[in-house]
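The lines below spell out each chain.
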Amino acid sequence: MGGKSYKPPASGEATVKLSLEQLDALQEIVNIGIGQAASILNQMIDSPIRLQIPYLKVVSPKTLEQELEVQINGNFISAVGLKFAGSFAGTAQMVFPTESAALLVTMLTGEEIGSNDLDAVKIGTLSEVGNIVINGVMGAISNVLEQHLDYSLPNYTEGTIQTLLKSSDLATKTVILFAQASFTIETLQIKGDIILIFNVNSFDTLLAAINKIAGKNL
Amino acid sequence: MNNESKIIQQKFGILDNVPVGVCVLREDFAVLFWNSCLEDWTKIPRGEILHTKITDHFPHLSQPKYTSRLQQIFAGGPPTIFSSQIHKYLIPAPWHDDKYRIQQTTVTAVALEAQDVGSEAKGKISQSFYAALKNLGKPSKTPRYKFLKHSFLVLTLPGGYAQG
């Protein structure tokens, strides 16, 4: 493990390249967190819920913006964010396209939503679901890598992709871990994105911790 | 009043003056602080609930959907939200006409210096971190970090309107 190589920041490309082993380790850690989140969600609702991460990749801010634009197609998003600090620092975001957010709230609360606007009452549901998923992932990262992190209070945002990215205060060299989450409740497929934004230099610490753990276990 | 109670009262006493329900739990779910607002809402005076387990008063909080998430926070996890849409309320607080206050609850960990709460408490926390690491499928004899702090959960429960 440890095949890391740096490239100068360029539009659309991540500034850090990960080896396959590092990417696998990250995928496994995120999957542990997602498993925890799915277990908690299953305890809370009557319908069995499956939560999966079809893919995970490391991207630059520019690529993130482009990918989200294609997915969201100019529509509004709902996002739950959590800032973290410590050995590494950044922001974790769970982003729901409006349509998926509405479906999820309807499934969890049984309340019909007449329009695409999510009123204040619905914000609570999305905040809790986002909080469960983010906590699962951040908890797994912190525990598996044996790194202590401090957290801010979770916050909820609605708006365009630009609103989200502006509030995340992205620098050119910021490294972003981008994972698509898929919720399956009965026959419904609901999608959301998990975005972990690492402050400059923080990603190096994360990779060092992954390499250390992998060195112990392999 | 023992040392732990004094520290808790010093640290959280100001929350007796806010119109929001706030309580503080220890890792064994013992109630260490119960603010005036919760006394008023629940009609349970602090003298009756302090140093007893919150689950003795509110047995529904023993369900895994609550305990598993609260234990995560004691294990160093992020703040946790219990929304009114999914849970209605965490602490039943009668309103009127058989209705209850709806609560949007946030639970956060608060760390105090171990020297403030004594070496006995420090040992308890150390064990709990070890257990949490095991639960995540990553057995380790090394605690995540040195246990210089004592964690408590603070439940903040704004609850201003009623639910039938």
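Here the structure is shown first, and the text comes after it.
Residues numbered from 1 in each chain as written. Chains lettered and ligands numbered in written order. Predicted model: local features only at pLDDT ≥ 70, side-chain atom pairs only at ≥ 80, totals over all residues. Heavy atoms only, no water.

**Q** Would you mind going over the overall build of chain B with me for this structure?
**A** Of regular secondary structure, chain B possesses eight helices and seven strands. For chain B, buried positions account for 50% of its 164 residues. Here the analysis covers contacts within chain B between residues at least 6 apart in sequence; of these, 59% occur between residues at least 24 apart. (Helix = DSSP H or I, 4+ residues; strand = E, 2+ residues; numbered from the N terminus. Buried < 20%, exposed > 50% of the residue type's maximum accessible area, 1.4 Å probe, protein only. Contact = heavy atoms within 4.5 Å.)

**Q** Help me understand empty space enclosed by the protein, please; the structure alone is not making it clear to me.
**A** The method is simple in principle: a probe with the dimensions of a water molecule rolls over the atoms, and the space it marks as empty is what remains. Residues and elements named next belong to chain A. Under the counting rule described, the total for this entry stands at one cavity of 30 Å³ or more. In this structure, the largest cavity is lined by V30, L56, L177, F178, A179, I194 and L196. Looking at the lining of the largest cavity, the elements that each hand over two or more residues are β8 (175-185) and β9 (188-198). Of all the elements, β8 adds the most residues to the lining of the largest cavity, at three residues. Residues of the lining of the largest cavity, tallied by class, amount to seven nonpolar, no polar and no charged. (1 Å grid on protein atoms, 1.4 Å probe; cavity = no way out; pocket = protein on both sides within 12 Å on 5 of 7 lines; lining within 4 Å. Points joined across faces, edges and corners; volume = space filled by probe spheres on them. Nonpolar A, V, L, I, M, F, W, Y, C, P; charged D, E, K, R; others polar.)

**Q** Please explain the pairing of strand β1 (residues 21-25) of chain B as it appears in this structure.
**A** Regular strands place side chains that alternate from one sheet face to the opposite one. Residues and elements named next belong to chain B. Across the five residues of β1, five count as buried, placing the element largely inside the fold. Of the two faces of β1, both are covered, the one formed by G21, C23 and L25 as well as the one formed by V22 and V24. Bridge count for β1 against strand β2 (residues 31-34) is three bridges, and the pairing is antiparallel. Following the sheet pairing, V24 is matched in β2 by F33. Between β1 and the antiparallel strand that follows it, β2, lie five residues; F29 among them carries a positive phi value of about 70 degrees. (Pairing = 2+ DSSP bridges.)

**Q** How do you make sense of the environment of V137(A) when you look at a structure like this?
**A** All names here are of chain A. Note on placement: V137 falls in helix α4 (residues 120-144). Accessibility expressed as a relative area gives 1% for V137, which makes it buried. Residues V137 and A37, 100 residues apart in the sequence, show an inter-C-alpha distance of 7.9 Å. Excluding anything up to four places from it in sequence, V137 contacts V30, G33, I34, I194 and L196.

**Q** Which parts of the structure should I look at to understand the interface of chain B and chain A?
**A** You'll often see interface size given as the accessible area lost when the parts meet. Of the residues lining the interface, 26 residues belong to chain B; the matching set on chain A comes to 31 residues. The junction of chain B with chain A conceals about 2500 Å² of combined surface from both sides, 60% of it contributed by carbon and sulfur atoms. On the surface where chain B and chain A come into contact, there are one salt bridge. Residues R69(B) and E128(A) are paired through a salt bridge, measuring 2.6 Å at the closest nitrogen-oxygen approach. Counting across the chain B and chain A interface gives 10 residue pairs in polar contact (both at pLDDT 80 or more). Looking at which element gives the most residues to the side of chain B that touches chain A, the answer is helix α5 (residues 64-74) of chain B, with five residues. Broken down by class, the residue content of the side of chain B that touches chain A amounts to nine nonpolar, 13 polar and four charged. (Buried area = accessible area lost by both parts, 1.4 Å probe. Salt bridge = Lys/Arg side-chain N within 4 Å of Asp/Glu carboxyl O. Polar contact = N/O pair within 3.5 Å; in protein donor to acceptor, adjacent residues only side chain to side chain.)

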